[in-house]
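Read off the chains here:
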Amino acid sequence: MIDPLAEVVTLLQPGAPFSKLVSGAGRWSVRRAEAGGPFYCAILDGASRLAVDGHEPVILEKGDFVLVPSVFNFTASSLEPPRGKSDTAYVVLPDGEVRHGHPGGPPDVRMLVGYCVFGSPDASLLVSLLPRLVHVRGERRLSTLVQLVREESRERRPARDVILARLLEVLLIEALRSTAGTAASPGLLRGLADERLSAAIRRMHESPTKAWTVAQLAKEAALSRSAFFERFSRAVGVAPMEYLLGWRMALAKDLLRRKKITVAEVAEQVGYSSASTFSVAFTRYVGLPPTQYVRRSAPALGLPQLRGQ
């Protein structure tokens, strides 16, 4: 059976090349504005407050994990933030830990924070299928991974950075699949949590070449056409055919970059009757014709040029 989330994560190519230990004591606050990449935070001890623009502030506790797949402004602080909007002072301790607030004494919170990367050139398209904010609490498997990250980050054993990077990659993926509930923000995960919608989403991923209609997808979901359209749009954040188009374009881009096949063959594999029909749709969606897209992508990826249409 096709797993839509696995397909999206595979194309997304998540990684976590940068992380640091951060602690806070007393009242402190730090604001990040459009800096770095997608943000994650694992609470190792204590508690903290996170306010991501566009969302209600959340209190993070030991074992919690937060992932913000897109770059949004956010403020991390003590449970009672200091007055004023400016960042409080910080120091770097001898072991490399970054301390916010009071430099001495035991911390009120210790956390591993960092920026992750998505290796896919189409990250923005794929990220749009995910929730804007992933906050996971009370998941035993996730807590175990956070504990492993905590232990590894404290040690100076051989290959520490390699192990830490791999653990963080697994942590990111586990966090995504742990956020599969109707409380999640609109996106693929929320759609998969809905049994009716999940059936239709899986069918789209299993058979992207089929000439789907909203009525056919509604039948897969055992819903009326209007009920399916409204329910899908509310849960996933886009209309059913818009989702299908986005997924087909993601597949097409991946095929164009990685395979030595013609535009006609790509068109056939993503559900278009002809190369010309596919080229028109691809150009409208991406802003470049398929052959031009490959010429721009090939040098950076070390790929051969695409054969003619």
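Caption draft 1: Region of interest: the pattern of salt bridges. All told, the structure shown has 14 salt bridges when counted by the stated rule. The salt bridge partner of R32 is D87, with a shortest N-O separation of 4.0 Å. In this pair, R32 is assigned in strand 2 (residues 29-32) and D87 in the loop between strand 6 (74-77) and strand 7 (90-92), connecting sequence segments 55 residues apart. According to the relative accessible area criterion, D87 is partly exposed, its value standing at 39%. Through salt bridges with shared partners, a single network forms among E61, D64 and R137.

Caption draft 2: Summary view of the packing of helix 9 (residues 240-258) against helix 11 (residues 275-286). In contact at an axis separation of 11 Å, helix 9 and helix 11 are set at 100° when each is read in the N-to-C sense. With respect to their mutual orientation, helix 9 and helix 11 come out roughly perpendicular. Residues L245, G246, M249, A252, K253 and L256 of helix 9 pack against F278, A281, F282, Y285 and V286 of helix 11. The class makeup of the residues in the contact of helix 9 with helix 11 is nine nonpolar, one polar and one charged.

Caption draft 3: Up close: the side chain of S23. Looking at the element boundaries, S23 is found in strand 1 (residues 14-25). One polar contact links S23 to R99, side chain to side chain, over a distance of 2.7 Å. Setting aside chain neighbours within four positions, we find S23 in contact with E97, V98, R99, H100, P107, V109 and R110.

Caption draft 4: Up close: the environment of Y293. Take Y293: it is sitting in helix 12 (residues 290-301). For the pair formed by Y293 and R257, sequence separation is 36 residues and the distance between their alpha carbons is 8.7 Å.

Caption draft 5: The confidence of the model for the protein, seen in detail. Overall, the predicted model of the protein reaches an average pLDDT of 83, with 88% of residues at or above 70. Ranking the elements of the protein by mean pLDDT puts helix 2 (residues 123-127) last with 69 and helix 7 (residues 214-220) first with 97. Predicted confidence is poor over residues 299-309, with pLDDT under 50, and the contacts of this stretch with residues over four places away or in other chains come to 22 contacts.

Cut-off values and rules
Numbers given for residues are sequential positions, taken from 1 along each chain in its written order. Only residues with pLDDT of at least 70 get local features here, since the model is predicted, and only at 80 or more are side-chain atom pairs given and counted; chain-wide, interface and lining totals rely on the full set of residues. To obtain the side-chain values, all non-hydrogen atoms of the structure were used and water was disregarded. Each salt bridge in this description consists of a side-chain nitrogen of Lys or Arg and a carboxyl oxygen of Asp or Glu lying within 4 Å of one another. Numbering goes from the N terminus for both helices and strands, where a helix is a DSSP run of H or I of at least four residues and a strand is a run of E of at least two. Exposure classes here rest on a 1.4 Å probe applied to the protein chains alone. A residue is buried below 20% of its type maximum, exposed above 50%, and partly exposed in between. Note on geometry: axes are C-alpha line fits, over the in-contact stretch for helices, and angles between N-to-C directions span 0 to 180 degrees. For this classification, under 35 degrees means roughly parallel, over 145 means roughly antiparallel, 65 to 115 means roughly perpendicular, and everything else is oblique. It only takes one pair of heavy atoms within 4.5 Å for two residues to be counted as in contact. Note on residue categories: nonpolar means Ala, Val, Leu, Ile, Met, Phe, Trp, Tyr, Cys or Pro, charged means Asp, Glu, Lys or Arg, and polar means any other residue, Gly included. Any pair of N or O atoms that falls within 3.5 Å is considered a polar contact. Within protein, one atom must be able to donate a hydrogen and the other to accept it, and sequence-neighbouring residues count only if both atoms are side-chain atoms. pLDDT measures how confident the predictor is about each residue, on a scale from 0 to 100.

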